[in-house]
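Survey of secondary and tertiary structure
Each chain is listed here by its residues.
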Amino acid sequence: MNQEKETSPISGYIMLAVVALLFFASLFGLIAIKNPFLALGIVISIILCPGFFFVNPNSSRVLVLFGEYKGTVKKNGFFWVNPFFVKTNISLRARNFDSERVKVNDKVGNPILIGVILVWQVKNTFKAAFEVDNYEEFVRIQSDAAVRKLAGQYPYDNFEDDEAEITLRSGLDEVNHALEENLSKRLDIAGIKVIEARIGYLAYASEIASAMLRRQQATAIVAARHKIVEGAVSMVEMALDDLSKRQVIDLDEERKAAMVSNLMVVLCADKDVTPVVNSGTLNH
């Protein structure tokens, strides 16, 4: 049996009145009538007292009698049950879990640091109480295992895997969805519902972080240079076409090559270029 069953115990206020009545009646009889057998009523009322308990909002009590599961009380209020019941409190509130940053290898073998933020709550109190030893520790360990598995399924980025459409850094929606599904399957045995799971921290490990940073910078520089060259070629082409259409100057192939070279230097240079004014003639 791994099914939760909800039970409705006796109202604590009614039973409290019964116990109080029994106690004071027995005490009055013991004093007034001086009958020692009436002391039994006092003993019974004292024995009944451990059966009282409270259930706060979003909390529950799992009831066990001599090793047998009797049910779970989820209704809020003041109640009384058999005083021999063992009553275990299990919170039904949503909880946050911020895992430690663990060092793992991504799909292509790069060491990375990754952590997960998990929002969870207990949905099945029977499983949480009896299917695992400690459901809070179970959540921690299984979250760690799920993060390690997730990191091995995707590359950190697509530097070394150009065909990778989803990476840990760029495909957060897909990666978080995969993490949530994985954790839901792992934690179902403990009656845990995963409300949200997402990557909370992601970075290269310290031993390769500086090298990867330089690689990212080089990639960004190459991409920027490519864009600059594309723009420069278009501008040079436009300049030559305009000069030709307006017949401002008649350039032979050698001078066109020289102009193209100069314009490309000006447009692609990292620093400001100092212009040189030619006061001579165009004739040889």
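Reference entry: report on the structure contained in this document. Keep in mind that this is a model prediction, so the values were computed, not measured.

Another point: the side chain of N182. Summarising the element assignment, N182 is placed in helix α5 (residues 172-187). The class of N182 is buried, set by a relative accessible area of 14%.

The three strands are arranged β4-β3-β6 in an open sheet whose pairing can be described as antiparallel. Each edge of the sheet is formed by a strand with only one pairing partner; in this case those strands are β4 (68-73) and β6 (86-91). Neighbour-to-neighbour, the strand axes of the sheet open up by a mean angle of 25°, direction not taken into account.

Across a sheet, paired strands are connected by hydrogen bonds in the backbone, their directions being either parallel or antiparallel. Taken together, three strands build an open sheet; the order of strands is β1-β5-β2 and the sheet is antiparallel. Edge positions in the sheet fall to β1 (10-11) and β2 (52-55), since each of these pairs with one other strand and no more. Where β2 meets strand β5 (residues 77-80), four bridges bridge the pair, whose relative direction is antiparallel. Residue pairing in the sheet places F54 in a bridge with F78 of β5.

Our next topic: the packing of aromatic side chains. Per the stated rule, a full pass over the model turns up eight aromatic pairs. Arranged with centres 6.0 Å apart and planes meeting at 40°, the rings of F53 and F79 form a pair that is tilted. In this pair, F53 is assigned in strand β2 and F79 in strand β5, connecting sequence segments 26 residues apart. Taken individually, F53 and F79 each receive the classification buried, so the pair is uniform in this respect. Where Y69 meets F126, the ring centres are 5.0 Å apart and the plane angle is 65°; that geometry is what we call edge-to-face. With Y69 in strand β4 and F126 in helix α3 (residues 125-130), the pair connects residues that are 57 residues apart, well separated along the chain. Clustering of aromatic rings is evident, with ring pairs tying together F52, F54 and F78. The residue whose ring lies beneath R101 is Y201, and the NZ or CZ to ring-centre distance is 3.6 Å.

Moving on to the environment of I44. Relative to the assigned elements, I44 resides in helix α2 (residues 39-48). The partly exposed category is assigned to I44, whose relative accessible area is 37%. When the C-alpha atoms of I44 and S26 are compared, they prove to be 9.9 Å apart, with 18 residues separating the residues in sequence.

About the thresholds
Residues numbered from 1 in each chain as written. Predicted model: local features only at pLDDT ≥ 70, side-chain atom pairs only at ≥ 80, totals over all residues. Heavy atoms only, no water. Helix = DSSP H or I, 4+ residues; strand = E, 2+ residues; numbered from the N terminus. Buried < 20%, exposed > 50% of the residue type's maximum accessible area, 1.4 Å probe, protein only. Pairing = 2+ DSSP bridges. Axes fitted to C-alpha atoms, helices over the stretch in contact; angles between N-to-C directions. Phe/Tyr/Trp six-rings, centres within 6.5 Å; stacked < 30°, edge-to-face > 60°. Lys NZ or Arg CZ within 6 Å of the ring centre and 35° of its normal.

Honestly, it's all geometry; don't read function into it.
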